[in-house]
Amino acid sequence: MTDVLIVASEQGNLPSQNTLELLGAARRLADATQGRVKAVVLGAAPTPLTAGLFACGADQVFRAEHPLLAGRQGDAYVAALAQIAAQAAPQVILLADDSCGKEVAPRLAHRLNAGMVTEVLAVEADGPAMLFRRQVYGGRAIATLAAQRFPVVATVKPRSMAPAAEQAGRRGEEIAVTLSLDPSLARTRLVQKVAEEVRGVKLENARVVVSGGRGLKGPEPFKQLEELAQLLKGAVGASRAATDAGWVPASWQVGQTRKTVSPDLYIAVGISGATQHLAGMTGSKTIVAINTDPDAPIFKVAHLGIVGDYKALLPKFIEKCRELT
Ligand SMILES: Cc1cc2nc3c(=O)[nH]c(=O)nc-3n(C[C@H](O)[C@H](O)[C@H](O)COP(=O)(O)OP(=O)(O)OC[C@H]3O[C@@H](n4cnc5c(N)ncnc54)[C@H](O)[C@@H]3O)c2cc1C
């Protein structure tokens, strides 16, 4: 029996997309082992998240409010989660591999004397064993790790696991936890929060992603990609070569060291398909690649490959999409 505790976050008073993915993974794991799914909601003030967490698979919700938990302050989060984990006694603790999860998870594992796995792409119970899959060697291989010690704390790479399905009216047990947090434990404070500039659909949530790489040879052609993305109600992404060159914002980077996307359609324009880029987009349902080099590695993963110059192809493609939409 594996009880799984997930650390929830909110987006507009609802469970965030990352939280839905954690719940999806936790529910599958708990169902396979007759365990329970537990969720933690932390904050400075109560949130209306609980009903959404129950609807998406949580059996128990532990909620705690404390002024020190404002702004997802790491020191306070670690202390709060350690206290709640002691009460909830899960075998597995899942956090999103976002900035908060990356900071909190290893510290929490240390406090709990727990096992630790980062950037998990898949988790499954195999009899008594708990298996975690993650990329290694810069995305060239997938390692399967078997937990040797419980509890185990894991961070889950966003957009790598299927989100939980909502069951309206599903109920669970809400547990209000009183935390003992001393102000002296907060050794860092949030100085500034800069919201990522998003035009249209958020890249990691987009059903269609049109990405450009070094083959575009400058920032100007990205306007064509934006036009195409807008027609397809999608978002624009980029390879690291394009973001490092300063052609587009770093937040557009797809790949191992930035965002993982899994849209219905991924169009790669002038991108060679380095393993680090593939690590962030091979979960896409359909991949279309435009590249002048017939031997470009991107064609190994593309469902539809077009060998040619994007300058000749893209305007026609945009024109056709405009006609069809
Ligand atoms: C630790 C580490 C982490 C990294 N993380 C990431 C990451 O998260 N994401 C990422 O993307 N990269 C990452 N990289 C970089 C990665 O290794 C590649 O260097 C990068 O992805 C290459 O970008 P690119 O495909 O745009 O450029 P290139 O490899 O230079 O490819 C450009 C392509 O454009 C094609 N082309 C040229 N002209 C045209 C034209 N007119 N029409 C059509 N096609 C054309 C060329 O044939 C070529 O295939 C990482 C590297 C390291 C070492």
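Residues numbered from 1 in each chain as written. Predicted model: local features only at pLDDT ≥ 70, side-chain atom pairs only at ≥ 80, totals over all residues. Heavy atoms only, no water.

**Student:** Help me understand the pattern of salt bridges, please; the structure alone is not making it clear to me.
**Tutor:** Should their charged atoms come close, side chains of opposite charge can pair. Taken as a whole, this structure holds 25 salt bridges when the rule is applied. For Arg36, the salt bridge is made with Asp3, and the minimal N-O distance between the two is 3.1 Å. With Arg36 in the loop between helix 1 (17-33) and strand 4 (37-43) and Asp3 in the segment before strand 1 (4-7), the pair connects residues that are 33 residues apart, well separated along the chain. A relative accessible area of 35% means that Arg36 is categorised as partly exposed. (Salt bridge = Lys/Arg side-chain N within 4 Å of Asp/Glu carboxyl O. Helix = DSSP H or I, 4+ residues; strand = E, 2+ residues; numbered from the N terminus. Buried < 20%, exposed > 50% of the residue type's maximum accessible area, 1.4 Å probe, protein only.)

**Student:** For this particular structure, what's the right way to read the domain arrangement of the protein?
**Tutor:** Buried accessible area, meaning the area lost when the parts come together, often serves as the stated size of an interface. Assigned domains of the protein: these are domain 1 (4-185) and domain 2 (203-324). Between the C-alpha centres of domain 1 and domain 2 the distance comes to 32 Å. At the boundary of domain 1 with domain 2, total buried surface from both sides reaches about 770 Å², with 39% on carbon and sulfur atoms. Our enumeration of links across domain 1 and domain 2 arrives at zero salt bridges. Inspection of the domain 1/domain 2 interface yields three residue pairs in polar contact (both at pLDDT 80 or more). Tallied by class, the residues present in the side of domain 1 that touches domain 2 amount to one nonpolar, four polar and three charged. (Domains from an automatic or database assignment. Buried area = accessible area lost by both parts, 1.4 Å probe. Polar contact = N/O pair within 3.5 Å; in protein donor to acceptor, adjacent residues only side chain to side chain. Nonpolar A, V, L, I, M, F, W, Y, C, P; charged D, E, K, R; others polar.)

**Student:** Explain the site of the ligand to me, please; I cannot follow it from the model alone.
**Tutor:** Taken together, 27 residues are adjacent to the ligand, and Arg214, Ser239, Thr257, Ser272 and Asn291 come closest. Arg214 has a polar backbone atom sitting 2.7 Å from an oxygen atom of the ligand. Contact distances for the ligand include 2.8 Å between an oxygen atom and a side-chain N or O atom of Gln276. When residues of the shell around the ligand are traced back to their parent elements, those giving at least two are helix 6 (240-244), helix 7 (275-278), strand 15 (286-291) and helix 9 (310-324). Residue composition of the shell around the ligand, grouped by class: six nonpolar, 14 polar and seven charged. (Near = heavy atom within 4 Å.)

**Student:** Quick question: what am I supposed to make of the sheet that holds strand 6 (residues 92-96) here?
**Tutor:** Across a sheet, paired strands are connected by hydrogen bonds in the backbone, their directions being either parallel or antiparallel. In spatial order, the strands read 9-8-7-10-6-1-4-5-11; together these nine strands make up an open sheet with mixed pairing. The strands lining the two open edges of the sheet, one partner per strand, are strand 9 (141-146) and strand 11 (173-176). With direction set aside, neighbouring strand axes in the sheet form an average angle of 35°. Alignment of strand 7 (residues 115-126) against strand 8 (residues 129-136), held across six bridges, turns out to be antiparallel. Each bridged residue has a counterpart across the sheet, and for Val120 the counterpart in strand 8 is Arg134. Set on the sheet, helix 3 (residues 74-88) makes contact with strand 1, strand 4, strand 5 (60-65), strand 6 and strand 11; between it and strand 4 the angle comes to about 150°. (Pairing = 2+ DSSP bridges. Axes fitted to C-alpha atoms, helices over the stretch in contact; angles between N-to-C directions. Contact = heavy atoms within 4.5 Å.)

**Student:** What am I meant to see in the packing of helix 5 (residues 222-231) against helix 9 here?
**Tutor:** How two helices sit against one another is set out by the angle between their axes and by the gap between those axes. Axis separation between helix 5 and helix 9 bottoms out at 10 Å; the angle between their running directions is 25°. Taken as axis vectors, helix 5 and helix 9 run roughly parallel relative to one another. Handedness of the helix 5/helix 9 crossing: left-handed. Contact residues: helix 5 offers Gln224, Leu225, Glu227, Leu228 and Leu231, while helix 9 offers Tyr310, Leu314, Pro315, Phe317, Ile318, Cys321 and Arg322. In terms of residue class, the contact of helix 5 with helix 9 is built from nine nonpolar, one polar and two charged. (Parallel < 35°, antiparallel > 145°, perpendicular 65-115°, else oblique. Left-handed = near helix turned anticlockwise from the far one by under 90°.)

**Student:** Explain the nonpolar core to me, please; I cannot follow it from the model alone.
**Tutor:** Soluble globular proteins tend to pack their nonpolar side chains together in the buried interior. Counting residues in each nonpolar core, the largest one holds 32 residues, and the members touching the most others are Ile6, Leu53, Leu94 and Phe132. Mapped onto this core, the elements with two or more residues apiece are strand 1, helix 1, strand 4, helix 2 (50-55), strand 6, strand 7, strand 8 and strand 10 (152-156). Examining the composition of this core, we find that seven residues originate from one element, helix 1, more than from any other. Those residues in contact with Phe132, other than ones at most four positions away along the chain, are Val92, Val117, Val120, Ala122, Val123, Ala143, Thr144, Leu145, Ala147, Val152 and Ala154. Formed by 31 residues, the second largest nonpolar core is a distinct cluster that contains Val40, Leu42, Ile84 and Ala114. (Core = buried A, V, L, I, M, F, W, Y, C linked by side-chain atoms within 4.5 Å.)

**Student:** How do you make sense of the side chain of Ser239 when you look at a structure like this?
**Tutor:** Tracing the chain through its elements places Ser239 in the loop between strand 13 (235-238) and helix 6. If sequence neighbours within four positions are ignored, Ser239 has contacts with Gly212, Gly213, Arg214, Gln253, Ile271 and His277.

**Student:** Looking at this structure, how should I read the sheet that holds strand 14 (residues 265-269)?
**Tutor:** One open sheet accounts for five strands, arranged 13-12-14-15-16; its pairing is parallel. Every interior strand has two partners, whereas the edge strands, strand 13 and strand 16 (304-307), have only one. Adjacent strand axes in the sheet meet at a mean angle of 15° when their direction is disregarded. Summarising the sheet, strand 14 and strand 15 pair through five bridges and their orientation is parallel. The residue bridging Val269 from the neighbouring strand is Ile290, located in strand 15. This element, helix 5, spans strand 12 (208-212), strand 13 and strand 14 of the sheet and lies at about 140° to strand 13. Packed on one face of the sheet, helix 9 meets strand 14, strand 15 and strand 16 and runs near 135° to strand 15.

**Student:** Is there a simple way to explain the pairing of strand 5 in this structure?
**Tutor:** Consecutive side chains of a regular strand alternate in pointing toward one face of the sheet and then the other. Pairing geometry for strand 4 and strand 5, over six bridges, is parallel. Bridge pairing in strand 5 links Lys38 to Gln60. Assessed by its sense of winding, the connection that carries the chain from strand 4 through helix 2 to strand 5 is right-handed. Inspection of the sheet shows strand 5 paired to strand 11 by four bridges, in the parallel sense. Across the sheet, the residue bridging to Gln60 is Glu173, located in strand 11. (Right-handed = clockwise from strand over helix to strand, strands pointing away.)

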